Amino acid sequence: MENTERQITQKDIERVHFTNKESQDITRPSLTYWQDVKRRFLKNKLAILGSVIIILMVLFALFGYLLTSQNYYRQDLTMTNLPPRLECYYLDDETLLYVNSEYSLYTLDNDGTVRERLEPAEENQMMREKTYEVNGQKVVLNYKGAAQAAKARKQGDMQLANSIDTFTLDIGGKTPEMQKVWNKTYRLGTDYLGRDMLARLVYGARISILVALIATFAQFCIGVLYGGVAGYLGGRVDNIMMRIVDIISTVPLTLYVVLLMVVMGPGIKTIIIALGSVYWVDMARQVRGQVLNIKQQEFVLAARTIGASAKRIMLRHLIPNSMSTIIVTLTMNIPSAIFTESFLSFIGLGISAPAASWGTLASDALGGLRSYPYQLLLPSLCICLTVLGFNFLGDGLRDALDPKLRK
Amino acid sequence: MTKYILKRCVSIIVTLFLVCTITFIMMKAVPGGPFTTEKNLPQNVLDALEAKYHLTDPLWKQYVDYVKGAATFDFGPSFKKDGVMVSDMLAQSFPVSAKLGLVALIIVILLGIPFGILAALKQNKLPDYLATIFATLGIAIPTFVLGTLILYVFGSRLGWIPTHGLDSWKCYIGPSISLAGFSLAYVLRLTRSSMLGVCGQDYIRTARAKGLPERTVIFKHALKNALIPVVTYIGPMTAGIMTGSFVTEKIFAIPGMGKFYVEAINNRDYTVIMGTTMFYAAIAAVMILAVDIAYACLDPRIKFQD
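So, how was this worked out
- Residues numbered from 1 in each chain as written.
- Chains lettered and ligands numbered in written order.
- Predicted model: local features only at pLDDT ≥ 70, side-chain atom pairs only at ≥ 80, totals over all residues.
- Heavy atoms only, no water.
- Axes fitted to C-alpha atoms, helices over the stretch in contact; angles between N-to-C directions.
- Helix = DSSP H or I, 4+ residues; strand = E, 2+ residues; numbered from the N terminus.
- Left-handed = near helix turned anticlockwise from the far one by under 90°.
- Contact = heavy atoms within 4.5 Å.
- Nonpolar A, V, L, I, M, F, W, Y, C, P; charged D, E, K, R; others polar.
- Phe/Tyr/Trp six-rings, centres within 6.5 Å; stacked < 30°, edge-to-face > 60°.
- Buried < 20%, exposed > 50% of the residue type's maximum accessible area, 1.4 Å probe, protein only.
- Lys NZ or Arg CZ within 6 Å of the ring centre and 35° of its normal.
- Buried area = accessible area lost by both parts, 1.4 Å probe.
- Salt bridge = Lys/Arg side-chain N within 4 Å of Asp/Glu carboxyl O.
- Polar contact = N/O pair within 3.5 Å; in protein donor to acceptor, adjacent residues only side chain to side chain.
- Pairing = 2+ DSSP bridges.
- Arc of directions from axis to C-beta.
- Disulfide = S-S within 2.5 Å.
- Core = buried A, V, L, I, M, F, W, Y, C linked by side-chain atoms within 4.5 Å.
- Domains from an automatic or database assignment.
- Expected span 1.5 Å × (residues − 1).
- Bend = angle between axes of the 7 residues up to and from the residue.
- Patch = residues over 30% accessible without salt bridge, like charges linked within 9 Å, V, L, I, M, F, W, Y side chains within 5 Å.
- Areas by Shrake-Rupley, 256 points an atom, 1.4 Å probe, with all protein chains shown as cover.

1. Focus: the packing of helix H9 (residues 253-264) of chain A against helix H10 (residues 268-278) of chain A
All names here are of chain A.
Turning to step 1, where the next piece is worked out: Across the interface, H9 lies against H10 with an axial gap of 9 Å and an inter-helix angle of 150°. Note that H9 runs across H10; the crossing there is right-handed. Facing Leu253, Tyr256, Val257, Leu260, Met261 and Met264 of H9, the residues of H10 in contact are Thr270, Ile271, Ile273, Ala274, Ser277 and Val278.
Turning to step 2, where the next piece is worked out: Looking at the contact of H9 with H10 residue by residue, the classes come out as ten nonpolar, two polar and no charged.

2. Here we look at the packing of aromatic side chains
Turning to step 1, where the next piece is worked out: With the rule as written, the count across this model stands at eleven aromatic pairs over all chains.
Turning to step 2, where the next piece is worked out: Residues B:Phe94 and B:Phe279 carry aromatic rings whose centres are separated by 5.1 Å and whose planes lie at 85° to one another, so their mutual orientation is edge-to-face. With a gap of 185 residues between them, B:Phe94 in helix H4 (residues 86-121) and B:Phe279 in helix H11 (residues 270-298) connect regions that are remote in the sequence.
Turning to step 3, where the next piece is worked out: Among the residues examined, B:Phe279 registers a relative accessible area of 13% and is labelled buried.
Turning to step 4, where the next piece is worked out: Grouping aromatic residues by their ring pairs yields a cluster made of A:Phe339, B:Phe182, B:Tyr186 and B:Tyr233.
Turning to step 5, where the next piece is worked out: The ring of A:Phe346 carries B:Lys250 above its face, with NZ or CZ at 4.8 Å from the centroid.

3. Some points on the interface of chain B and chain A
Turning to step 1, where the next piece is worked out: Tallying the contact residues gives 51 residues for chain B and 40 residues for chain A.
Turning to step 2, where the next piece is worked out: The contact between chain B and chain A buries some 3,900 Å² in all, and 77% of this surface belongs to carbon and sulfur atoms.
Turning to step 3, where the next piece is worked out: Along the contact surface separating chain B from chain A lie one salt bridge.
Turning to step 4, where the next piece is worked out: As a salt-bridge pair, B:Arg189 and A:Asp395 come within 3.6 Å of each other at their nearest N and O atoms.
Turning to step 5, where the next piece is worked out: The tally of links from chain B across to chain A stands at one residue pair in polar contact (both at pLDDT 80 or more).
Turning to step 6, where the next piece is worked out: The set of elements that each furnish at least two residues to the side of chain B that touches chain A consists of helix H1 (2-29), helix H5 (126-140), helix H6 (143-157), helix H7 (169-199), helix H9 (214-251), helix H10 (257-267) and H11 of chain B.

4. A look at the sheet that holds strand E2 (residues 95-99) of chain A
Backbone-to-backbone hydrogen bonds join strands into a sheet, with any given pair of strands oriented parallel or antiparallel.
All names here are of chain A.
Turning to step 1, where the next piece is worked out: Strands sit in the order E4-E3-E2-E1-E9 across an open sheet of five strands; the sheet is antiparallel. If you trace the sheet from one side to the other, it starts and ends with strand E4 (114-117) and strand E9 (178-182), each paired once. Averaged over all adjacent pairs, the angle separating strand axes in this sheet is 40°, with direction ignored.

5. As for H10(B)
Turning to step 1, where the next piece is worked out: Looking only at H10(B), the buried set comprises B:Met257, B:Gly258, B:Tyr261, B:Val262, B:Ala264 and B:Ile265. The buried side chains of H10(B) occupy one side of the element, clustering within an arc of 160° when seen end-on.
Turning to step 2, where the next piece is worked out: Against H9 of chain A together with H4, H9 and H11 of chain B lie the buried residues of H10(B).
Turning to step 3, where the next piece is worked out: Just downstream of H10(B), B:Arg268 is the residue with a positive phi angle, here 55°.

6. Quick look at the state of the cysteines
Residues and elements named next belong to chain B.
Turning to step 1, where the next piece is worked out: Under the defined criterion, the tally for this structure stands at zero disulfides over all chains.
Turning to step 2, where the next piece is worked out: A disulfide-free cysteine, Cys20 has its sulfur positioned 18 Å from the sulfur of Cys9, the nearest such atom.
Turning to step 3, where the next piece is worked out: Residue Cys20 is classed as buried on the basis of its relative accessible area of 3%.

7. Concerning the nonpolar core
Turning to step 1, where the next piece is worked out: In this structure, A:Ile347 and B:Phe246 are the most contacted members of the largest nonpolar core, which totals 135 residues.
Turning to step 2, where the next piece is worked out: At 15 residues, the largest contribution of residues to this core is made by H9(B).
Turning to step 3, where the next piece is worked out: Ranked by size, the runner-up nonpolar core spans 16 residues in total, among them A:Tyr89, A:Val99, A:Val139 and A:Leu141.

8. A look at unusual backbone geometry
Trans peptide bonds make up most of the peptide bonds, and negative phi angles are found at most residues other than glycine.
Turning to step 1, where the next piece is worked out: Phi angles above zero are rare outside glycine, and B:Asn124 is one such case at about 60°.
Turning to step 2, where the next piece is worked out: Along the chain, B:Asn124 falls in the loop between H4 and H5.

9. Thoughts on the pairing of strand E6 (residues 129-134) of chain A
Successive side chains on a regular strand alternate, one facing one side of the sheet and the next facing the other.
Residue and element names in this part refer to chain A.
Turning to step 1, where the next piece is worked out: With three bridges joining them, strand E5 (residues 122-124) and E6 adopt antiparallel strand pairing. Counterpart to Glu122 in the pairing with E6 is Thr131.
Turning to step 2, where the next piece is worked out: Inspection of the sheet shows E6 paired to strand E7 (residues 137-142) by six bridges, in the antiparallel sense. Counterpart to Lys130 in the pairing with E7 is Leu141.
Turning to step 3, where the next piece is worked out: Counting the residues in the hairpin turn of E6 and E7 gives two residues, including Asn135, whose phi is positive at 45°.

10. With respect to the pattern of salt bridges
Residues and elements named next belong to chain A.
Turning to step 1, where the next piece is worked out: Applying the stated rule across the entire model yields eleven salt bridges over all chains.
Turning to step 2, where the next piece is worked out: Salt-bridge contacts for Arg39 lead to Asp36; the nearest nitrogen and oxygen are separated by 3.1 Å. With a gap of three residues between them, Arg39 and Asp36 both fall in helix H3 (residues 33-43), about one helical turn apart.
Turning to step 3, where the next piece is worked out: Taking the relative accessible area as the measure of exposure, Arg39 reaches 33% and is therefore partly exposed.
Turning to step 4, where the next piece is worked out: Residue classification places Asp36 among the buried residues on the basis of a relative accessible area of 19%.
Turning to step 5, where the next piece is worked out: Across the pair Asp399 and Arg398 runs a salt bridge whose closest N-O atoms are separated by 3.8 Å.
Turning to step 6, where the next piece is worked out: When its relative accessible area of 18% is taken as the criterion, Asp399 is described as buried.

11. Comments concerning the pairing of E7(A)
Turning to step 1, where the next piece is worked out: With four bridges joining them, E7(A) and strand E8 (residues 168-171) of chain A adopt antiparallel strand pairing. Residue pairing for E8(A): A:Asn142 is matched across the bridge by A:Thr168.

12. With respect to the domain arrangement of chain A
Turning to step 1, where the next piece is worked out: According to the domain assignment, chain A consists of domain 1 (85-182) and domain 2 (197-405).
Turning to step 2, where the next piece is worked out: For domain 1 of chain A versus domain 2 of chain A, the distance between C-alpha centres works out to 49 Å.

13. Side note on H9(B)
In an α-helix, one turn spans 3.6 residues, which is why side chains three or four residues apart end up on the same side.
Residues and elements named next belong to chain B.
Turning to step 1, where the next piece is worked out: Compared with an ideal rise of 1.5 Å per residue, which puts 38 residues at 56 Å, H9 spans 46 Å between its outermost C-alpha atoms and falls more than 12% short.
Turning to step 2, where the next piece is worked out: Maximal helix bending in H9 amounts to about 50°, located at Leu223.
Turning to step 3, where the next piece is worked out: Positive phi appears at Ala253, one or two residues downstream of H9, with a value of about 50°.

14. A few points about the environment of A:Arg187
Turning to step 1, where the next piece is worked out: Mapped onto the secondary structure, A:Arg187 falls in the loop between E9 and helix H7 (197-233).
Turning to step 2, where the next piece is worked out: Non-local contacts of A:Arg187, meaning those with residues more than four positions away in its chain, are made with A:Leu67, A:Pro84, A:Asp196 and A:Leu198.

15. Focus: the sheet that holds E7(A)
Residue and element names in this part refer to chain A.
Turning to step 1, where the next piece is worked out: In spatial order, the strands read E5-E6-E7-E8; together these four strands make up an open sheet with antiparallel pairing. Taken across any chain shown, the strands that pair with only one partner, and hence form the sheet edges, are E5 and E8. With direction set aside, neighbouring strand axes in the sheet form an average angle of 20°.

16. Digging into a nonpolar patch on the surface
Turning to step 1, where the next piece is worked out: A contiguous nonpolar surface patch, about 770 Å² in accessible area, is contributed by A:Val52, A:Ile55, A:Leu56, A:Val58, A:Leu59, A:Leu62, A:Phe63 and A:Leu66.
Turning to step 2, where the next piece is worked out: Mapping A:Leu56 onto the fold places it in helix H4 (residues 45-63).

Quick look at the structure:
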């Protein structure tokens, strides 16, 4: 060292101009790994979008009840199947009339607050006519068209069926003006038992988030440890542990969950147990692979030479270093858990009434799909958005945490 | 390679044996036994029923009988439908589901792989964006939502496809598309990303540098390697299509295995549930074995592993 220093002469030293020096100064600050991850993540627009969707869903689950005055289990059989957007008819300045698909007449305030279902003063079954008395005016509802439309539909002529007006309203001899208003009492409508859809969607969001939490917890507590131990110990232990995982994953996880649900009976507790007991397998595999890789590296050897215990090496060295894999696997598996829950609820194995999950809501909507598609669309939209959100987040995290995996 | 395949075979037999044991234990763990739901059965009738279904035998004998039965696809009689054997139900409904599943599988392979390749070759151009959007959406839409939407839009609104049954070829359109949807999106995404990965490899550059025609480079050098992860996914995909059939068959009212399964679950018909589960597990295992063999043929690295 000293030798080389002596060989440097004055000629070799050049005075750095101030401006030059300054230009040298403006270098990027050196980033730690996590700072770098954060930077890459924030640059990814889709990942941000995904996180926003997820945060909104969580907020919706937590505070969604503030948006509605109804609760998720109260049934009102006079208020069944009211859509969020009502095609109303003008009666007078304060009252609107709405006819539902079973040809009952409702009165509404002109801002969209649903008042009540009216009882007909007179009903003529032969002529398919109902006569009402509303605010002193005579309203005649004729639903002859319904039978024609049904007939056309039976014959398979959908165009004709869709073009027929199923009913006509007549107020004092005149056809009233149509006016579309948003439903103010039930902002997202009601279901087939007159329960508020918004409140039920909030409840469903809570279930989905609970499921996401369970899946996370199971993967973290069982999957990471299982995979970590198998990878670290290696040899015969690893072989046996991984054969068990192989065997478990040969049969589709859904089958196990279905079996568990059948035996334990549907309910939220069962979902927790069922999902928790199977959703760790993928994580165990990933972590094992990662640990196998890391434990060959020098720092683990160094830790071992200074006498660190196996537990310490696992918890302080191996697992923190496989964090990127763990996080990515975690976010990728959450949508699959949410899918599984809604699928189970859909086939009648998940949450049971009056509690609601997005899957049960979609399943309930099947019966009246033709007349009330919003009952299917709302929960479906929620599922799709949440899953999309998690997928975007997962992709973004993968790109941010492990740039090598990109492409 | 023989050793590899043999090893897989053994592991699958162990799996099936394990599933068999689990289903048996679960069936025994059901509180109250299969006849408790029937109201007010006199004791002697109950005894007779239990004797008929060999429930009075010692547990180990029941277990041995069950395993023996399962090995020959004999899962005993249905508890809820009188005089119907589970194996008969399976024999009747499986071909229906299999046909539907096969159509879905063909859709996935014929559309997913070519469009995935196309997307990869036209990276960051219109076809790629379209394919990516399609794949992203397809993965986020659950089978039951896709199925009901198809049923609602094309079945009841437009009337283009029948809403139930499997009488003509038209009937297959709705259910097979909804069954294929998720896997199609996944295969497309997988093919695209794996193709992109392979195209960045040095040997592709070499192939191009030595002047091979682009077709040879893509189909012979790139595709063969890019397909390995896709082939690996076909095993789990079959499982996905199977579980997807639960809801698809429910939605489109198709008398297949999935519909029976859901019905059995709702009726708590335990022998049917367990038998069908065993059958599903067996199919999944066989499919995974088949994929493993295909994998071994496709990827020469496997040959040198053991």
